[in-house]
Amino acid sequence: MTAASATPLRAPSAAQAFERAMLAWLNARFAPPGVAIVADTPLFADRLIDSIRILELIAWTERATGREVSDAQIRMDNFRTVRRIAEVFAAGGCDARVG
């Protein structure tokens, strides 16, 4: 492959950056020993997020996106996986440097 035909590396999308940052935070904060949370891990079904932890997750999401999560958006379906959260909340871009 020549330099002219090489495909340039693309920067990650806002949703991808958001996913990576959220996964790092969730794994550090909520993953039990020996468990790795990935983008498609069912957060509620696997009991990683409960009615108390969802408040922390919503607050993290608001800080990461710089936008308030409206009451209408607070539905289990919107928070079922990290990938879904990124689809719903990071679509407009975010600052995923939240810790």
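In what follows, the structure referred to is the one given above.
Residue positions are counted from 1 within each chain, in the order its sequence is given. pLDDT decides what is reported in this predicted model: residues at 70 or higher carry local features, side-chain atom pairs at 80 or more are listed and counted, and totals for whole chains, interfaces and linings draw on all residues regardless. The basis for every side-chain value is the complete set of heavy atoms in the structure, and neither hydrogens nor water enter the calculation.

**Student:** Could you clarify how one ought to interpret the nonpolar core in this entry?
**Tutor:** Residues belong to one nonpolar core when they are buried, are Ala, Val, Leu, Ile, Met, Phe, Trp, Tyr or Cys, and are joined through side-chain atoms within 4.5 Å. For every residue, the accessible area obtained with a 1.4 Å probe (protein chains only) is divided by the maximum for its type, and the residue is called buried under 20%, exposed over 50%, and partly exposed between those limits. Among the nonpolar cores identified, the biggest contains 26 residues, and L26, L43, L57 and F79 are the most heavily contacted of them. Elements that contribute at least two residues to this core include exactly α1 (14–29), α2 (53–65) and α3 (82–89). The way it works is that DSSP assigns letters per residue, a run of H or I at least four long becomes a helix, a run of E at least two long becomes a strand, and they are numbered from the N terminus. At six residues, α1 tops the list of elements feeding residues into this core. Pairs of residues are marked as contacts when any of their non-hydrogen atoms sit within 4.5 Å. Apart from residues lying up to four places away in sequence, L57 is in contact with M22, W25, L26, L43, I49, F79 and I85.

**Student:** So what exactly am I meant to see when it comes to the packing of α1 against α3 here?
**Tutor:** What describes two packed helices is the angle between their axes and the distance between those same axes. In the contact formed by α1 and α3, the axes pass within 9 Å of each other and the chain directions differ by 135°. When the interaxial angle is binned, α1 and α3 end up oblique. Considering the relative orientation of α1 and α3, their crossing is right-handed. When α1 is examined against α3, the residues A15, F18, E19, M22, L23 and L26 are found in contact with a partner set consisting of V82, R83, I85 and A86. Counted by class, the contact of α1 with α3 contains eight nonpolar, no polar and two charged residues. All axes are obtained by fitting lines to C-alpha atoms, using only the stretch in contact for helices, and the reported angles, taken between N-to-C directions, cover 0 to 180 degrees. Here the word oblique covers every angle except those under 35 degrees (roughly parallel), over 145 (roughly antiparallel) and from 65 to 115 (roughly perpendicular). Crossing handedness: left-handed means the near helix sits turned counterclockwise from the far one by under a right angle, and right-handed means the same turn made clockwise. Asp, Glu, Lys and Arg are counted as charged, while Ala, Val, Leu, Ile, Met, Phe, Trp, Tyr, Cys and Pro are counted as nonpolar; the rest, among them Gly, fall into the polar class.

**Student:** I'm lost on α3 in this one. Help?
**Tutor:** Along an α-helix, a turn takes 3.6 residues, which lines up residues three or four apart on a common side. Listing the buried residues of α3 in full gives V82, I85, A86 and F89. Buried residues of α3, viewed axially, fall in a sector of 100°; they line one side. The inward-facing, buried residues of α3 abut α1 and α2. Note: the arc covers the axis-to-C-beta directions of the helix.

**Student:** Any chance you could explain α1 here in plain terms?
**Tutor:** Here, expected helix span is obtained from the residue count minus one, scaled by 1.5 Å. Its 16 residues give α1 an end-to-end C-alpha distance of 22 Å, which sits within 8% of 22 Å, the value for a rise of 1.5 Å per residue. Along its buried surface, α1 packs onto α2 and α3.

**Student:** Sorry, what's going on with unusual backbone geometry here?
**Tutor:** Negative phi values dominate among residues other than glycine, just as trans dominates among peptide bonds. Within the chain, R47 stands out as a residue other than glycine whose phi angle is a positive 60°. Among the structural elements, R47 can be located in the loop between α1 and α2.

**Student:** So what exactly am I meant to see when it comes to the packing of aromatic side chains here?
**Tutor:** For any two aromatic rings, the description comes down to two numbers: the centre-to-centre distance and the angle of the planes. Aromatic rings from Phe, Tyr and Trp, with only the six-membered ring used for Trp, were paired whenever their centres fell within 6.5 Å, and each pair was classed as stacked if the ring planes differed by under 30 degrees, edge-to-face if by over 60, and tilted otherwise. Following the criterion strictly, the structure yields four aromatic pairs and no others. Seen in terms of ring centroids, F79 and F89 are 5.2 Å apart; in terms of plane orientation they differ by 35°. Their pairing is tilted. A residue pair is termed long-range when its members are at least 10 positions apart, and F79 in the loop between α2 and α3 and F89 in helix α3 qualify at 10 residues. Comparing F79 with F89, the two get one shared label, buried.

**Student:** Looking at this structure, how should I read the side chain of T61?
**Tutor:** Looking at the secondary structure, you find T61 in helix α2. In this structure the side chain of T61 is engaged in a polar contact, spanning 2.8 Å, whose partner is the backbone oxygen of L57. Polar contacts here mean pairs of N or O atoms no more than 3.5 Å apart (in protein, one a potential hydrogen donor and the other a potential acceptor; neighbouring residues in sequence count only if both atoms are side-chain atoms).

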